[in-house]
Amino acid sequence: MKKLEGLPREMIALRASKELKDGDYVNLGIGIPTLISNWIEGRDIFLQAEIGMTKTGPLAYGNDVDQDLINASCQAVVGLPGSAYFDIVESFGMIRGGYMNVICMGALQVNGRGDYAGWNNPARGLGNVGDIGGSMDLCAGANKLIILMEHTTRDGQPKIVEELSYPATAKGKVNMVVTSLGVFEVTPQGMVLKEIYPGLTVEQVQSVTEPKLTIAPDLKEIEL
Amino acid sequence: MIDKVWKSAEEAVADIPDGATIAIPGFFVAGVPRTLLRALIAKGAKDITLACGCGPLIGDPEIIELLIKNKVVKKVIDSYALYRSATKGAQDPLEQSVRRGEIELEVYPMGTLAEKYRAAAAGIAAVYTPTGVGSVVQESTVTNKNPVKKETRVFDGKEYVMELALKPDYAFIHAGTGDREGNLQYRRTARNFNPVMAAAAKITIAEVENLVEPGDIVPEFIHTPGVYVQRVVVVPRVTYAVTIE
């Protein structure tokens, strides 16, 4: 299947960043979600890094790199006035306890009921084991869970699927999906297409999406 | 005067028996007890279970190579033990050993591991957590060997997984500063699993970059009180690249 042109990864992150409000405490997963940090500098958004930090600063370069100051994606970062460090029990306590306003995660598959898979890619051939990391805790405590991902796999297969074929990270937790082709909301009626990549038709998006999409009455082009 | 300082990392790990379970803190590269791990390997330890938190081994590929070459490890417990990238994983001796079934890998959600150590530290037998409900984690342990069934229970209409306390025989701790009575202070995000593992283990051995006298660390700013720490060794500050790529 030919892959449809859509938003590059940086722009998926930019679109998702518009869901964050000043004052929000936010956790960003590995992959595309981490790129959101490039779009919120100067805004009053508090990034939590599950390694044990709130108000995580931007990436550190040169002399600012401190090997004991990293984010959860193992990148050197800087601290900011108001940053706090704490241990892992505290960190996951605030995550599981529901103190994060928004959680942004990458995914291998999502379905119309808000289930998603991300921790164990069968293509890795590792069987039952994989890297769970903090993903399941983040889902357990999420108030709003946004998935950021390419709309299809490298060879054009849908990632928004009818049923997960990969091991689930969590079930019924996803609220919103931002992909290269559109913005989707998970509702009791299933997946609703709210915004679409400029120049694409609804039929084109549906052709690379397994579940039948509901089209929002006020469907618009993705706004960046 | 009580002085918990031992002469060297080698001496401090000398009595660890084969088959022991050792807690290894560190979040990828930060807060990993590199010197104690190397001393454990050097003493020829065998059949060791490394109870980790978040990928301290892939934070130091040289340690993985030494652990595997010297057949130190029987089992690894972790939330993120393997490289995400398939190409990187194909060259990783730990992943190869897991694939061949020579090493058992048991995987938990990171926050669940944190609570398993915390429960052990606080004398609690088990905890009920919502984490993992809706995934295979609620059914049984996630492992490349034989899974053990888990219990779930409903409280107020919501399902929780029962996770047992995990009490290590030893913990290797890495702290920026420590004193002779075992009080510790960690640098920035190198704290991570260090405090909870220090409290969970039966015998806690702390490597510290700076040794100071009791009273030098402001009492309000002690992260791990010395009650949890039996042995302290002074180690040089090791520099490392901040990457798992």
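Definitions and cut-offs
- The written sequence of each chain sets the order in which its residues are numbered from 1.
- Chain A is the first chain written and ligand 1 is the first ligand written, with later ones labelled in order.
- Two thresholds apply to this predicted model, a pLDDT of at least 70 for residue-level local features and 80 or more for giving and counting side-chain atom pairs, whereas whole-chain, interface and lining totals are computed over all residues.
- Secondary structure elements are taken from DSSP: a helix is a run of H or I of four residues or more, a strand is a run of E of two residues or more, and numbering for both begins at the N terminus.
- Radius of gyration here uses only the C-alpha atoms, and the compact-globule reference equals 2.2 Å multiplied by the residue count raised to the power 0.38.
- Burial in this document is a count-based property: other C-beta atoms within 10 Å of a residue's C-beta are tallied, and the residue is buried at 20 or more, exposed at 12 or fewer, or partly exposed in between, with C-beta positions derived from the backbone.
- Contact definition: two residues whose C-beta atoms, as placed from backbone geometry, lie within 7 Å.
- Strand pairing is defined by DSSP finding a minimum of two bridges between the two strands.
- Simply put, an axis is a line fit to the C-alpha atoms, just over the touching stretch for a helix, and the angle between two N-to-C directions goes from 0 to 180 degrees.
- When the strands point away from the viewer, a crossover counts as right-handed if the route from the first strand across the helix to the second turns clockwise.
- Polarity classes work like this: nonpolar for Ala, Val, Leu, Ile, Met, Phe, Trp, Tyr, Cys and Pro, charged for Asp, Glu, Lys and Arg, and polar for all others, with Gly in that last group.

**Q** Looking at this model, I keep getting lost on the overall build of chain B. Mind explaining?
**A** Looking only at helices and strands, chain B features 7 helices and 12 strands. Here the C-alpha atoms of chain B give a radius of gyration of 18 Å, agreeing with the 18 Å that 2.2 N^0.38 yields for 245 residues. Buried residues in chain B amount to 51% of all 245 residues. Taking as baseline every contact in chain B between residues at least 6 positions apart, the subset at least 24 positions apart corresponds to 81%.

**Q** What am I meant to see in unusual backbone geometry here?
**A** With the exception of glycine, most residues fall at negative phi, and the peptide bonds are largely trans. Residue and element names in this part refer to chain B. Phi at K71 is positive, roughly 50 degrees, even though this residue is not glycine. With respect to the element layout, K71 can be found in the loop between helix 3 (61–69) and strand 3 (73–78). Exposure remark for K71: the 15 C-beta atoms within 10 Å place this residue in the partly exposed category. Non-glycine residue R188 carries a positive phi angle of around 40 degrees.

**Q** In this structure, what is going on with the sheet that holds strand 1 (residues 25–28) of chain A? I would like to understand it.
**A** To summarise the sheet geometry, strands pair through backbone hydrogen bonds and adopt either a parallel or an antiparallel arrangement. Residue and element names in this part refer to chain A. The 10 strands are arranged 4-3-2-1-5-8-11-12-13-14 in an open sheet whose pairing can be described as mixed. A single partner strand is all that each edge strand has here, and the edge strands are strand 4 (84–85) and strand 14 (214–221). Here strand 1 runs beside strand 5 (residues 102–105); their pairing, made up of 3 bridges, is parallel. Its bridge partner being in strand 5, L28 is matched across the sheet by C104.

**Q** How do you make sense of the sheet that holds strand 5 (residues 126–129) of chain B when you look at a structure like this?
**A** All names here are of chain B. Pairing is antiparallel in the open sheet, where 3 strands are placed in the order 5-8-7. Looking at the sheet topology across the chains shown, the edges are occupied by strand 5 and strand 7 (152–155). Averaged over neighbouring strand pairs, the angle between their axes works out to 35 degrees when direction is ignored. Inspection of the sheet shows strand 5 paired to strand 8 (residues 158–164) by 4 bridges, in the antiparallel sense. Counted as the bridge partner of V127 is E163 from strand 8. Lying over the sheet, helix 6 (residues 110–122) contacts strand 5 and strand 8, oriented at roughly 150 degrees with respect to strand 5.

**Q** I would appreciate a short explanation of the pairing of strand 14 of chain A in the present structure.
**A** Each regular strand carries side chains that alternate between the two faces of the sheet. Counting buried positions along strand 14 of chain A yields 0 of 8 residues, so the element is predominantly exposed. Each parallel crossover has a hand, and the one from strand 13 (residues 190–196) of chain A via helix 4 (residues 202–207) of chain A to strand 14 of chain A is right-handed.

**Q** Looking at this structure, how should I read the interface of chain A and chain B?
**A** For an interface, size is often stated in terms of accessible area lost upon the parts coming together. Between chain A and chain B, the contact holds 37 residues from the first and 46 residues from the second. Tallied by class, the residues present in the side of chain A that touches chain B amount to 20 nonpolar, 8 polar and 9 charged.

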